[in-house]
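These are the residues of each chain, in order.
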Amino acid sequence: MVFAYSTMTLMVLLAIFIPKKISIIEIYSTFFFAYWLGITFDLIFDLKYNLYGYESHGVQLTSILFITAVYFSVSTLFLNFFPSGKSLQTKLLYIVFWSIFSITYETILVHLHFFYYNGWKWWYSGLLYPLIFIILRLNLLLIQHMLSRYLKQKETNSPGNKN
């Protein structure tokens, strides 16, 4: 448990104090999307089918704290350093790196009995993580598009604009 909470704290501190390439509204909205996505997966695979879980079956306050912190830090770190202007190959390698990191972290938590599999296999996560990271990136692009449209609309409708 010490490993889980110390690494969670480290990741949160990194996410808070790194120089930001994405805005606070992008961080805020992508975190809540990542949290919603993660909680939805957990409700289905953990609580409904009992395929995996944190600590013990059911809902624990400590698990909610851990999940919230991990979703915040991973979504922030992943999206903040995403190689936007790079080649497709670089972007795919970046997603593979984060997927391997996530599988490794999950496997360590399983071995430390902080996370358990009950019919779940590590390679199911290996198939899901790249998809989840792609969805997070697409969600950020949607948010950026909506913000851009909002700002253009606001600029066009401002009282000082004589167009």
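See the structure printed just above.
Residues numbered from 1 in each chain as written. Predicted model: local features only at pLDDT ≥ 70, side-chain atom pairs only at ≥ 80, totals over all residues. Heavy atoms only, no water.

Enquirer: Summarise the layout of surface pockets; cite the residues concerned and give the values.
Expert: Put simply, the largest pocket is a space of about 190 Å³. Ranked by residues supplied to the lining of the largest pocket, first place goes to helix 2 (residues 24-48) with 5 residues. Looking at the lining of the largest pocket residue by residue, the classes come out as 7 nonpolar, 3 polar and 2 charged. (1 Å grid on protein atoms, 1.4 Å probe; cavity = no way out; pocket = protein on both sides within 12 Å on 5 of 7 lines; lining within 4 Å. Points joined across faces, edges and corners; volume = space filled by probe spheres on them. Helix = DSSP H or I, 4+ residues; strand = E, 2+ residues; numbered from the N terminus. Nonpolar A, V, L, I, M, F, W, Y, C, P; charged D, E, K, R; others polar.)

Enquirer: I'd like a description of empty space enclosed by the protein, backed by residues and values.
Expert: For the structure on display, the rule yields 1 cavity of 30 Å³ or more. One number sums up the size of the largest cavity: a volume of about 600 Å³. Forming the walls of the largest cavity are 27 residues, and the residues nearest its centre are Tyr54, Tyr71, Glu106, Tyr129 and Ile132. Elements with a contribution of two residues or more to the lining of the largest cavity: helix 2, strand 1 (52-54), helix 3 (61-80), helix 4 (88-111) and helix 5 (122-156). Among the residues making up the lining of the largest cavity, the classes are represented as 21 nonpolar, 4 polar and 2 charged.

Enquirer: Describe in detail helix 1 (residues 2-17), supporting the description with residues and values.
Expert: The terminal C-alpha atoms of helix 1 lie 22 Å apart, and with 16 residues this matches the ideal 22 Å at 1.5 Å per residue to within 8%. On the buried face of helix 1, the contacting elements are helix 3 and helix 4. (Expected span 1.5 Å × (residues − 1). Contact = heavy atoms within 4.5 Å.)

Enquirer: Give a description of the packing of helix 1 against helix 3 that names residues and reports values.
Expert: Two elements in contact, helix 1 and helix 3, have axes whose closest approach is 9 Å; the angle formed by their N-to-C orientations is 40°. Judged by the inter-axis angle, helix 1 sits oblique to helix 3. Handedness of the crossing formed by helix 1 with helix 3: left-handed. Seen from helix 1, the contacting residues are Ala4, Tyr5, Met8, Met11, Val12, Leu14, Ala15 and Ile16; seen from helix 3, they are Thr62, Ser63, Leu65, Phe66, Ala69, Val70, Phe72, Ser73, Val74, Thr76 and Leu77. Taken together, the residues of the contact of helix 1 with helix 3 break down into 15 nonpolar, 4 polar and no charged. (Axes fitted to C-alpha atoms, helices over the stretch in contact; angles between N-to-C directions. Parallel < 35°, antiparallel > 145°, perpendicular 65-115°, else oblique. Left-handed = near helix turned anticlockwise from the far one by under 90°.)

Enquirer: Describe unusual backbone geometry, and please don't skip the residues or the numbers.
Expert: In this structure, Asn50 takes a positive phi of about 50° despite not being glycine. Positionally, Asn50 belongs in the loop between helix 2 and strand 1. Phi angles above zero are rare outside glycine, and His113 is one such case at about 65°. Here His113 lies in the loop between helix 4 and strand 2 (115-117). For His113, a relative accessible area of 66% translates into the label exposed. (Buried < 20%, exposed > 50% of the residue type's maximum accessible area, 1.4 Å probe, protein only.)

Scope: geometric values only; no functional claims are made or implied.
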